[in-house]
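# Survey of secondary and tertiary structure
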Amino acid sequence: MLIEEYEKEASLAPREGRAVFVEVKSVQRELSALNLFSDNANLGAHDALSREQPVSADNGVYTLLTEGAVHEKEGVFYLSYTETAPELSESVETLISFQLTDPKCVTVTRNGEFSSAFTLCGGKRLFSTYNTPFGTIDMCIFARKVENSLSLSGGALSLDYAVELKGLTAQRTKMDIKVREIK
């Protein structure tokens, strides 16, 4: 699916819903030996993501605490929140969605100056695009793990994936998102 279709879907998704607290913890590191665009990328990605690497000063560690909203519509679950940080020139709207019948296949849509929409399904390599003010870049994603217990009352989403922008070094991201309802 093209990013324009994801963005259209995201813009049609209602923003109202149950108010929640969202906690995001993300650790990123480079995977210089990995080429997700190659023909045998699935095997290489699986091997690269199977090896644990301790967190070091070279890793990008990101933590976010914010408010968001959750809702369901026509068999799809939505979690939306806004990311703001001093290093960001503008806020980024994030929408995480999945079919209730397939919670292990999650779509992440990020709208802002730099936008993307990609799907993570455990063990699969999928392609998308990354939109920048300077043009569009092909993007390839391989998800090692998608664990999802999100519901309208809260839950968690744990992701472990590699992403590569064509022509740049691949990066591994381990992300944990915890959601709890605001009472």
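Above this text you will find the structure in question.
Residues numbered from 1 in each chain as written. Predicted model: local features only at pLDDT ≥ 70, side-chain atom pairs only at ≥ 80, totals over all residues. Heavy atoms only, no water.

### A short note on the overall build of the chain
So the rule is basically this: Helix and strand definitions here come from DSSP, where helices need a minimum of 4 consecutive H or I residues and strands a minimum of 2 consecutive E residues; each element is numbered from the N-terminal end. Exposure classes here rest on a 1.4 Å probe applied to the protein chains alone. A residue is buried below 20% of its type maximum, exposed above 50%, and partly exposed in between.
When helices and strands are counted, the chain shows two helices and 10 strands. Listing each helix as α and each strand as β along the chain from the N terminus yields α-β-α-β-β-β-β-β-β-β-β-β. Here the chain holds 183 residues, and the buried ones make up 42% of them.

### Things to note about the pattern of salt bridges
So the rule is basically this: One side-chain nitrogen of Lys or Arg within 4 Å of one carboxyl oxygen of Asp or Glu is enough to make a salt bridge.
Scanning all chains against the criterion turns up five salt bridges. Of the charged contacts in the structure, one is a salt bridge between Glu 23 and Lys 25, with a shortest N-O distance of 3.4 Å. The exposure class of Glu 23 is partly exposed, given its relative accessible area of 25%. A salt bridge links Arg 172 to Asp 160; the shortest N-O distance between them is 2.7 Å. Residue Arg 172 is found in strand 10 (residues 170-181), and its partner Asp 160 is found in strand 9 (residues 154-165); the two are separated by 12 residues along the sequence. The exposure class assigned to Asp 160 is buried, which follows from its relative accessible area of 1%. In the salt-bridge network here, residues are joined through shared partners; they are Arg 144, Asp 160 and Arg 172.

### So, the environment of Leu 120
Along the polypeptide, Leu 120 turns up in strand 6 (residues 115-121). Taking C-alpha positions, Leu 120 is 7.8 Å from Tyr 161, a pair spaced 41 residues apart along the chain.

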